[in-house]
Amino acid sequence: MKRAYSLFIIFLHFSFVSIAQNPVFEDLAHIDQWLQSNITKNELSGAIVMIADKDKIIYSTKKGVSNIDTNRKIEFDDFFKIASLSKVITTVAVLKLYEDGYFDLDDPIELYLPIFKDTKVIKSTNGSDSYTLENLSNKITIRHLLNQTAGFAYDGPIISTLYKEKNLAFFNPSHSSLSSFMKDLSTMPIVHQPGEKFTYGPSTDILGHLIEQVTQQSLNTYLNENIFQPLEMTNTGFDVHRKSPKRLVRSYVKKNDTLKPINKKTDFDKNHTTKVFMGGSGLVSTTQDYLHFCQMLLNNGIYKSQRIISRKSIEMMTSNQIGDLQYPKGFYPILGKGNAFGFGLNIITPEGQINELYSLGSYYWEGAYSTTFIVDPKEGFVALMMTQLGGRGSLKVRKDFRKTVYKILK
C-alpha cells in the first residue's frame, strides 16, 4: 500500500509539471521598466514583449521606435526579420513530414538530395590554412542536419575562403533559386565528419531544400499551407512585409554609443521578390504570429484544438540530441553554460538549471537580430521578445530579457 501511495504521489508530481497552468508573475511592469532603461541607454531602438500560456496572452508591451530617423513608434503589428528563429519553424515542418512517412530521420540525405553524395571533409594540416580533403567515413543523415552535427559551417578559416570563391552568401543569397544555391553548396566540403562535433551552420537551409524536393512545392508554399495557415500566422513569410514595407522594423547594431542601421536596401523594396527561400534565416514575422507558434510548442503540438505536430515530435525537439558532444562550444554566452541541443532548440539541462534561473526542461532559441523566445512547460508560459539589434553586443540584451522574465515569477 505504501509503495502504491508513493507511486501515486510521483505520478501527481510529474502530471503537475507537464500540465502547469496559469503562471503568476509578481510585477510585470518591471519588464516595461527594463525595456525603457535599455532604450534610454541606446541599447535598443524599440521592442515588443509578449508572455502567454498555451491559450491566452498574459502580458504584452511595446516600447520605443521602429525607425530612429523618422521616430515612428513601434506597433504590435510591425514586421521583424526573425533570422534563426526561422530554423525552429523549418524543423517543425521537417518533423511533420517525417511523421507523414516521407523519410526516416536516419536516412542518408543523399537518398533525397543526390547532389550531396560526394561531399568531402576538410582535413586541416596542423591548424594552418593548408588542407587536404577526405571522404565521408559515414553518411550525412537527416538527423545530423536536425541536430547541427552534419559538419556544415557558416564560416571558418578555410571554408569562408571557399564560400567566397563560390559566391555563397547565406544571409543575402544572389542565386536564382534554392536549388541553384544548393547545387553550389553541395560542391563545398564540410568541416568535420558527420556526427563528430556540433557545428552551427546552414544545415537547416539544406532541410528546407529537402522539403522542396519531397513535396514538390516551394518551401514558401509548404510552410504557408502546413504551418502558417493552421497557426493563423497570416503575417509570416519570406515577402509578407512587402505589402507594407514601412511596418518592417529597422535593424541596428551598436557602435560606440550610437545605433547604426544595418538593413539591406531590398528589405524595404515593395517590388522585390525573394527567390531563394532560406529555411534557416529568411522569414519575416510579427510578434503575435510567432507567439502562436510558441503556444503550439508549449501545448505539445496543438494550437486551438488543432494538431500541428505530434507530442512525441515535440519531445524529440526538446530532448538532448547530441549526447556528450561539446556544446555550446563557440556559443557561450549566447545560450548559456551547461545546456544541450535538441532539434533546432537550446535545452535546459540540470547543469544549465544550476547556472541560470530557467526551469529544468525549458528550451529557447534566438535570431541574429535578437528576436528570442523561451518556453517553460514546468511554469506553463512562453515569453517572446521581438526587436532588431545585431552584433555581439546584442547577446547580453537577449539573456537579460530572459532573466528579467524569470526574476518576477511568483
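Details of the structure are given in the entry above.
For clarity, every value in this text was computed on a predicted model and none was experimentally measured.

Scoring rules and cut-offs
- Residues numbered from 1 in each chain as written.
- Predicted model: local features only at pLDDT ≥ 70, side-chain atom pairs only at ≥ 80, totals over all residues.
- Heavy atoms only, no water.
- Helix = DSSP H or I, 4+ residues; strand = E, 2+ residues; numbered from the N terminus.
- Rg over C-alpha atoms; globule rule 2.2 N^0.38 Å.
- Buried < 20%, exposed > 50% of the residue type's maximum accessible area, 1.4 Å probe, protein only.
- Areas by Shrake-Rupley, 256 points an atom, 1.4 Å probe, with all protein chains shown as cover.
- Polar contact = N/O pair within 3.5 Å; in protein donor to acceptor, adjacent residues only side chain to side chain.
- Contact = heavy atoms within 4.5 Å.
- Pairing = 2+ DSSP bridges.
- Axes fitted to C-alpha atoms, helices over the stretch in contact; angles between N-to-C directions.
- Parallel < 35°, antiparallel > 145°, perpendicular 65-115°, else oblique.
- Nonpolar A, V, L, I, M, F, W, Y, C, P; charged D, E, K, R; others polar.
- Core = buried A, V, L, I, M, F, W, Y, C linked by side-chain atoms within 4.5 Å.
- Expected span 1.5 Å × (residues − 1).

Attention shifts here to the overall build of the chain. Scanning the chain from terminus to terminus reveals 12 helices and 17 strands. Computed over the C-alpha atoms, the radius of gyration of the chain is 21 Å, within 12% of the 22 Å expected from 2.2 N^0.38 for a compact globule of 410 residues. Projected onto its principal axes, the C-alpha positions of the chain cover 70 × 60 × 45 Å. Expressed as a percentage of its 410 residues, the buried residues of the chain come to 54%. Of the accessible surface of the chain, which amounts to about 18,200 Å², a share of 51% is contributed by carbon and sulfur atoms.

Our next topic: the side chain of T215. Along the chain, the position of T215 falls in helix α7 (residues 203-215). Assessed through its relative accessible area of 16%, T215 is described here as buried. Of the polar contacts made by the side chain of T215, one reaches the backbone oxygen of I211; its length is 2.6 Å. If sequence neighbours within four positions are ignored, T215 has contacts with L97 and Y222.

Sheet architecture is open: 8 strands sit in the order β3-β2-β1-β16-β15-β14-β13-β12, paired in antiparallel fashion. Lying at the two open borders of the sheet, with one neighbouring strand each, are β3 (72-73) and β12 (340-341). Packing against the sheet, helix α3 (residues 85-99) makes contact with β14 (363-366) and β15 (372-376), and its axis sits at approximately 125 degrees to β14. Helix-sheet contacts for helix α12 (residues 395-407) involve β1 (46-52), β14, β15 and β16 (381-386), and the interaxial angle to β16 is about 145 degrees.

Notably, N300 is not glycine yet its phi reads approximately 55 degrees, a positive angle. Mapped onto the elements, N300 comes out in the loop between α9 (287-298) and β10 (302-303). On the accessibility criterion, N300 (29% relative accessible area) is partly exposed. Although it is not a glycine, S370 adopts a positive phi angle of roughly 75 degrees. For S370, the location among the structural elements is in the loop between β14 and β15.

Moving on, we come to the packing of α3 against helix α8 (residues 219-228). Remark: α3 packs on α8, axes separated minimally by 11 Å, with the N-to-C direction vectors making an angle of 80 degrees. In this view, α3 runs roughly perpendicular relative to α8, as classed from their interaxial angle. Here I89, V92, A93, K96 and L97 of α3 lie close against α8, whose contacting residues are Y222, L223, N226, I227 and F228. For the contact of α3 with α8, the residue count by class is 8 nonpolar, 1 polar and 1 charged.

Time to look at the sheet that holds strand β7 (residues 252-255). Strand order in this open sheet of 3 strands is β8-β7-β17, and the pairing throughout is mixed. Across the chains shown, the open sheet's two edge strands, defined by having one partner strand only, are β8 (258-261) and β17 (389-390). Where β7 and β17 come together, 2 bridges link them in parallel fashion. From the neighbouring strand, Y252 faces β17, where its bridge partner is L389.

What follows deals with the nonpolar core. Soluble, globular proteins show a tendency: their nonpolar side chains are buried together. Residues I89, Y290, F293, M296, L297 and F373 are the most contacted members of the largest nonpolar core, which totals 84 residues. Sorting elements by how many residues they give to this core places α3 first, with 8 residues. Apart from the residues within four sequence positions on either side, Y290 is in contact with I82, L85, V88, I89, M233, S285, F373, L384 and M386. Grouped together as the second largest cluster of nonpolar side chains are 27 residues, L28, I31, I51 and Y358 included.

For the rest of this paragraph, the subject is the pairing of β7. As defined by bridge partners, β7 adjoins β8 across 4 bridges and the pair is classed as antiparallel. Bridge pairing links K254 to L259 in β8. Here β7 folds back onto β8 in antiparallel fashion, the turn holding 2 residues, of which N256 has a positive phi close to 60 degrees.

Let's shift gears to α7. In this model α7 runs 19 Å from its N-terminal to its C-terminal C-alpha over 13 residues, within 8% of the 18 Å that 1.5 Å per residue would give. Of all 13 residues in α7, 12 are buried; the element is thus mostly enclosed. Regarding α7, the residues found buried are S203, T204, D205, I206, L207, G208, H209, L210, I211, E212, V214 and T215. Among the structural elements, α3, α4 (142-146), α6 (178-185) and α8 are those in contact with the buried residues of α7. Taken from the residues just after α7, Q216 is the one with a positive phi, measuring 60 degrees.

Turning to the pairing of β15, a few remarks are in order. Of all 5 residues that make up β15, 5 are buried, and the element is covered over most of its length. Of the two faces of β15, the one carrying T372, I374 and D376 and the one carrying F373 and V375 are both buried. What sits between the antiparallel neighbours β14 and β15 is a turn of 5 residues, in which S370 has the positive phi angle 75 degrees. As paired strands, β15 and β16 are joined by 5 bridges and run antiparallel to one another. For F373, the partnering residue across the bridge sits in β16 and is L384. As consecutive antiparallel partners, β15 and β16 are separated by 4 residues, and within that stretch G380 has a phi angle of approximately 80 degrees, a positive value.

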